[in-house]
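Each chain is listed here by its residues.
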Amino acid sequence: MLTKQRTTAKELVQKWVEQQKNSGRTEQELRQTMFVYGDEVMEIDINEHQELHVKEKEDIIVFRKPEPEPGHICRCCTMEYDTEKDALQCCAYID
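Remember, it's a predicted structure, so these values are computed and weren't measured experimentally.

**Here's the deal with the overall build of the protein**
Within the protein one finds three helices and five strands. Listing the helices and strands of the protein from first to last along the sequence gives α-α-β-β-β-β-β-α. Reported as C-alpha extents along the three principal axes, the dimensions of the protein are approximately 65 × 35 × 30 Å. Going through the 95 residues of the protein one by one, you find that 19% of them count as buried. For the protein, restricting intrachain contacts to residue pairs at least 6 apart in sequence, the fraction spanning at least 24 positions comes to 21%. Placing the 13 positive and 20 negative side-chain charges of the protein at their respective mean positions leaves the two points 2 Å apart.

**Focus: unusual backbone geometry**
Its identity as a non-glycine residue notwithstanding, Gln32 has a phi of 65°, on the positive side. With respect to the helices and strands, the residue Gln32 is situated in the loop between helix H2 (27–30) and strand S1 (34–37). With a phi angle near 65°, Thr78 is a residue other than glycine that sits in the positive phi range. For Thr78, the location among the structural elements is in the loop between strand S4 (72–73) and strand S5 (80–81).

**Observations concerning the confidence of the model for the protein**
Looking at the protein as a whole, the pLDDT averages 81, with 92% of positions reaching at least 70. Element-level mean pLDDT values for the protein span from 80 in strand S3 (residues 52–56) up to 89 in helix H3 (residues 84–90).

**A short note on the pairing of S3**
Looking down a regular strand, the side chains alternate between one sheet face and the other. Pairing of strand S2 (residues 40–46) with S3, which is carried by five bridges, proceeds in the antiparallel orientation. Its bridge partner being in S3, Asp45 is matched across the sheet by His53. Connecting S2 to the next strand, S3, in antiparallel fashion are five residues, including Gln50 with a positive phi near 60°.

**Some words on the state of the cysteines**
Applying the stated rule across the entire model yields zero disulfides. No disulfide involves Cys74; its sulfur sits 3.6 Å from that of Cys91, the nearest cysteine. With no disulfide of its own, Cys77 lies 3.6 Å from the sulfur of Cys90, the closest cysteine sulfur.

**Let's talk about the environment of Asp59**
Here Asp59 is to be found in the loop between S3 and S4. Along the sequence, Asp59 and Val41 sit 18 residues apart, while their C-alpha atoms lie 9.4 Å from each other.

**Brief notes about the side chain of Gln20**
Turning to its location among the elements, Gln20 is positioned in helix H1 (residues 9–22). When neighbours within four sequence positions are excluded, Gln20 is seen to be in contact with Arg25 and Leu30.

Here is what the cut-offs are and how they apply
Residues numbered from 1 in each chain as written. Predicted model: local features only at pLDDT ≥ 70, side-chain atom pairs only at ≥ 80, totals over all residues. Heavy atoms only, no water. Helix = DSSP H or I, 4+ residues; strand = E, 2+ residues; numbered from the N terminus. Buried < 20%, exposed > 50% of the residue type's maximum accessible area, 1.4 Å probe, protein only. Contact = heavy atoms within 4.5 Å. Lys, Arg positive; Asp, Glu negative; His and termini not counted. Charge placed at Lys NZ, Arg CZ, Asp CG, Glu CD. pLDDT = per-residue confidence, 0-100. Pairing = 2+ DSSP bridges. Disulfide = S-S within 2.5 Å.

Structure, rendered in structure tokens:
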């Protein structure tokens, strides 16, 4: 069985930093860049050896707007309709 491993937030940040370095940005330009991944917040900082590292922030509060409720969508073809009845009838007769 094939399973897909989820990329961690820290791995995504490290990949982004490497891409930015390869495109010519300096460590000073990248310093103090902040990232939000789900409920995790991270910041790029320079340690005592002048190397970039990812530092996780603590006690961060993020207020999000609620996502709008999806409309009436056919479960087969994902077309959106004005009424639930129309959405249910859309692909009802397809085998």
